[in-house]
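# Structure at a glance
Chain residues, written in single-letter form:
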Amino acid sequence: MSDVLGDPFECIERSAVDTLRNLGPYLIAVNDPPWSSIADQVPAPVTAVSAHDMELTKLDLDVEHTADDGAEFVVGFGGGTALDTAKYLAWKRGLPLVQIPTITSVDAGFTDAIGVRSEGRVRYVGTIVPEEVVLDIDLIRSAPERLNRAGIGDVLSCHTGLHDWRAAVDAGVGVAWNDAAAALGEALLAEFDSAIVDIRKCTPTGIRWLADCYRRIGAACAALGHSRFEEGSEHFWAYAYEHATGVHHVHGELISFAVVALAHVQGNNPEFAHRVVSQAGVRAHPDDLGISRAEFVDNLVGLRAYSHAEGLDVGVADLTDITTDDADHAFDFAATLPRMQQ
């Protein structure tokens, strides 16, 4: 399938410490923890940027402040904010990029699209392919287990994303259907049953499976020029919710909740999504995430207007009149997810 959907980014299992010891002068975008746990074991970066805010104005200041630092590489070290910050800095400065994800909660290290925020709204401003993605299994497994389990969100979203895409194609709108991309999404979903125990236990096998899923997703999105098979109403609702509330969650936890709820709205085997999230041990109950019924309902009922305003792809909110009752029922269903400890 790689000849149709592109070749995945090079992913090498290697320690983060060894990687940085053998790199030239580097600028690093970090989350801390875990940066401080290895900082004294590696050559000092020419600049270390704290990655905590994806607002475009902040990122442009980072570019300006690091412009003359002599870096020859840009490294992303951390979760989604660090990896996307590194993408932006490498792209703007024309430097090679090395990604070192330290958790598996999001697929940002394995995709070429650069996601930022402009006045709180999600924007994709460019693309960049990393020289390599370094998978340090021991480092990733040292993170809180919930941050690694959350990684199922950007794989499980194929369930709702594919449904939205098919409905849009049937309605004659949006990008054309692609059998290879759809087959990839279905294959990833079918693999959950064999991977779910390892994901919950955060075994090396589970970490490798998530990373491999991300690699396949990232390659397909880059080849297609879109992410319709993997991103649908679940992501769009999450964007609307975060914009309205100003609250930012662990990405994979929020998306896992949204897949369960939006699959219910779609009438799209929501029991499957519920089972996967429950068995993987993902923290996705609305009470655990602090999502109120009113916030969920308001942003779901208003999703059509938000999607139109933001130019998002067509999904269930565009093709169905979602009522307050529909939203209430979806919230009730998601609220049957098991509660999880921090």
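Reading the values: the criteria
- Residues numbered from 1 in each chain as written.
- Predicted model: local features only at pLDDT ≥ 70, side-chain atom pairs only at ≥ 80, totals over all residues.
- Heavy atoms only, no water.
- Phe/Tyr/Trp six-rings, centres within 6.5 Å; stacked < 30°, edge-to-face > 60°.
- Helix = DSSP H or I, 4+ residues; strand = E, 2+ residues; numbered from the N terminus.
- Buried < 20%, exposed > 50% of the residue type's maximum accessible area, 1.4 Å probe, protein only.
- Pairing = 2+ DSSP bridges.
- Axes fitted to C-alpha atoms, helices over the stretch in contact; angles between N-to-C directions.
- Contact = heavy atoms within 4.5 Å.
- Expected span 1.5 Å × (residues − 1).
- Arc of directions from axis to C-beta.
- Salt bridge = Lys/Arg side-chain N within 4 Å of Asp/Glu carboxyl O.

Attention now moves to the packing of aromatic side chains. Counted by the stated rule, this structure contains 10 aromatic pairs. Between W165 and W177, the aromatic rings sit 4.6 Å apart at their centres with planes inclined by 40 degrees, giving tilted as the arrangement. In this pair, W165 sits in helix 8 (residues 153-170) while W177 sits in the loop between helix 8 and helix 9 (179-190), placing the two residues 12 residues apart along the sequence. For W177, a relative accessible area of 24% gives the class partly exposed. Aromatic pair F257 and F296: ring centres 5.7 Å apart, planes at 80 degrees, arrangement edge-to-face. With F257 in helix 13 (residues 251-266) and F296 in helix 16 (residues 293-301), the pair connects residues that are 39 residues apart, well separated along the chain. The same class applies to F257 as to F296, namely buried.

Let's shift gears to the sheet that holds strand 3 (residues 47-50). Taken in spatial order, the six strands make up an open sheet running 1-8-5-4-2-3, and their pairing is parallel. Looking at the sheet topology across the chains shown, the edges are occupied by strand 1 (11-13) and strand 3. Taken pair by pair, the neighbouring strands of this sheet meet at an average axis angle of 20 degrees, ignoring direction. Contacting strand 2 (26-30) and strand 3, helix 4 (residues 56-66) crosses the sheet at an angle of about 170 degrees to strand 3.

In a regular helix each residue adds 1.5 Å, so 14 residues correspond to 20 Å; helix 5 (residues 80-93) covers 20 Å between its end C-alpha atoms and thus fits that length. Within helix 5, burial applies to A82, L83, D84, T85, A86, K87, Y88, L89 and A90. One or two positions beyond helix 5, positive phi appears at G94, with a value near 70 degrees.

What follows concerns helix 19 (residues 324-334). Among the residues making up helix 19, those that are buried are A327, A330, F331, F333 and A334. All buried residues of helix 19 lie within an arc of 160 degrees about the axis, which places them on one face of the element. Buried residues along helix 19 sit in contact with helix 13, helix 14 (270-280), helix 15 (286-289) and helix 16.

Oppositely charged side chains can pair when the atoms bearing their charge come close. Evaluated as defined, the whole model comprises 22 salt bridges. In this structure, R117 engages E242 in a salt bridge whose closest nitrogen and oxygen atoms are separated by 2.8 Å. Placement of R117 in strand 6 (residues 113-118) and of E242 in helix 12 (residues 233-245) is noted, with a sequence separation of 125 residues between them. In this structure, R117 and E242 share a single accessibility class: buried. When the shortest N-O distance is used, the salt bridge between D332 and R293 registers 2.6 Å. Pair noted here: D332 is in helix 19 and R293 is in helix 16, with a separation of 39 residues, a long-range link. The exposure class of R293 is partly exposed, given its relative accessible area of 36%.

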